[in-house]
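Analysis of the macromolecular model
Now for the letters of each chain:
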Amino acid sequence: MKSAVENLTPTRVKLNVEVSFEELKPSIAEAYKTIATQVQVPGFRKGKVPNKLIDQRVGRGYVLETAINEGLNGWYQSAVVEAGINPLSRPEVEITEVPDPTATDGELKFHVEIDVRPEIELPDYEGIEVEVEALEATDEDTDKALDELRGRFGTLKSEDRPAADGDFVTINISAKIEDEEVDSAADLSYQIGAGNMLEGLDEAATGLSAGEEAIFDTKLAGGDHAGEDAQVTVKVTAVKVRELPEANDDFAQLASEFDTIAELREDLAKQAAESKTVEQGVEARDKVLDKLVELVEIPVPESVVAEQLEQHFKPENSHGEDHDTEEHRAEVKDNTERAFRNEIILDAIADKEEIGVSQPELIDYIVSSASQYGMDPNQFAQMLDSSGQVNMIVGEVRRRKALAAVLAKAAVKDTKGDDVDLTDFVSVASDESDEQETVDAASDDVIEPTAVVDPGEVRI
């Protein structure tokens, strides 16, 4: 088999493939076997019909067509491997020449157009300069953390007065659309000011005493009528305030492993300082990635954007809302292009830095992701494996390590001009040792990232 690559654009190529008649023979033999199980000829069992009779019944041309149809994808995949390209889109195939069905020689010729990952020239990313906000933990941060901890051990006490911001209220609510009740709930606990239930609820409940109610207009947030305008009645049945335990040694022993409130405050101050470092690290990481993308031109194939738009705006993903707007499409397009560029440049850096993914790193990522979805890590891992997404996860971990490697080499200052030490934030991608176990779905080598889009198969 011969193949040649013709570059159409930086992200699209044409594969020209030639298959000799000798290479067609195995597919032709398989085609005869397949057709023999489908035709019925008196005096012959299914699957035992001679080739000459098959030619008489269905024609040699049909046999050749079946052989080409069954073998086409294999030749395409071989051409992709030979060319060393990474397909991103479904292949568009055109057969330009087929052997004469009556002859015993000739060639099959076809070409395939596909979008591919663009090749880029990495910029110099050593010492990228970024500026982050100057953040310093204060006594107020420690006080806030202590109050939040006290709040977890607080108790609610009923009050005989109108509800105010921050109070906890027990409420009954009912929603109507055109005078028809469509939803209701009773004995809900809600903190005024939380803003996590219905728009307008905070304003309606503020000032109500137990036994009083108010009516307000809003958009429903969930259920069969999500996004629809409704008239909601809220009735307050109780007003409560949270009483916090006194911040003393007894509380420290109750809420932590420390014996004194001074030790607890010291630990909370340390956590606050670490939190500030994380905030600066996240800001620096995002700005480093933005600067990386600014340093190199990365074309984005139209098919990548088109597929993401199609997936995002499927009717089943609308959640009952009319979200297919020009502004929303522009937002999805921008996000897709940004994510694609990030992936391309980080994969290139991971290649240059020879970054791999170890078994413990993959496990840590899976455990962390499983907790975000509220799933058991083992079940989450099985789901990834059964859906063929393990390589995708490995690629994500590898890109994170690549970005960490760049961040470790960056020059980070705060808005006051002081150097920011992100050593504790950055986990630098290190070289894999010979003894370190690596993860690979097919081998023991370092896993390479997968294509953004399944390249699919070619058929005629």
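Higher on the page you've got the structure.
How each quantity is defined
- Residues numbered from 1 in each chain as written.
- Predicted model: local features only at pLDDT ≥ 70, side-chain atom pairs only at ≥ 80, totals over all residues.
- Heavy atoms only, no water.
- Phe/Tyr/Trp six-rings, centres within 6.5 Å; stacked < 30°, edge-to-face > 60°.
- Helix = DSSP H or I, 4+ residues; strand = E, 2+ residues; numbered from the N terminus.
- Buried < 20%, exposed > 50% of the residue type's maximum accessible area, 1.4 Å probe, protein only.
- Lys NZ or Arg CZ within 6 Å of the ring centre and 35° of its normal.
- Core = buried A, V, L, I, M, F, W, Y, C linked by side-chain atoms within 4.5 Å.
- Polar contact = N/O pair within 3.5 Å; in protein donor to acceptor, adjacent residues only side chain to side chain.
- Contact = heavy atoms within 4.5 Å.

With respect to the packing of aromatic side chains
All chains considered together, the criterion is met by 2 aromatic pairs. Geometrically, the ring pair formed by Phe153 and Phe251 is edge-to-face, given 5.8 Å between the ring centres and 90° between the ring planes. You can see Phe153 sitting in the loop between helix 4 (139–152) and strand 6 (155–158) and its partner Phe251 sitting in helix 6 (residues 249–255), a full 98 residues away along the chain. Judged by centre distance (5.8 Å) and plane angle (20°), the rings of Tyr373 and Phe380 are stacked. For Phe380, a relative accessible area of 6% puts it in the buried group. Across from the ring centre of Phe313, 4.4 Å away, lies the NZ or CZ of Arg329, which sits over that ring.

What to know about the nonpolar core
Counting residues in hydrophobic clusters, the biggest one holds 36 residues, and the most contacted among them are Val288, Leu292, Ile345, Leu346, Ile349 and Val412. Within the residue set of this core, elements represented by two or more residues are strand 5 (129–132), helix 7 (261–294), helix 8 (302–312), helix 9 (326–352) and helix 12 (390–408). Top element by residues in this core is helix 9. It accounts for 7 residues. Counting residues in hydrophobic clusters, the runner-up holds 30 residues, among them Val13, Val19, Val49 and Val63.

Remarks on the side chain of Asp167
Structurally, Asp167 can be placed in the loop between strand 6 and strand 7 (168–177). Here Arg161 takes part through its side chain, which lies 2.8 Å from a polar atom of the side chain of Asp167. Filtering out sequence-adjacent residues up to four positions away, Asp167 remains in contact with Arg161, Pro162, Tyr190, Gln191, Ile192, Val239, Lys240 and Val241.

Regarding the side chain of Ser256
Here Ser256 is to be found in the loop between helix 6 and helix 7. A polar contact is formed between the side chain of Ser256 and the backbone oxygen of Ala252, at a distance of 2.6 Å. Engagement of the side chain of Ser256 in a polar contact is seen with the backbone nitrogen of Phe258, the distance being 3.2 Å.

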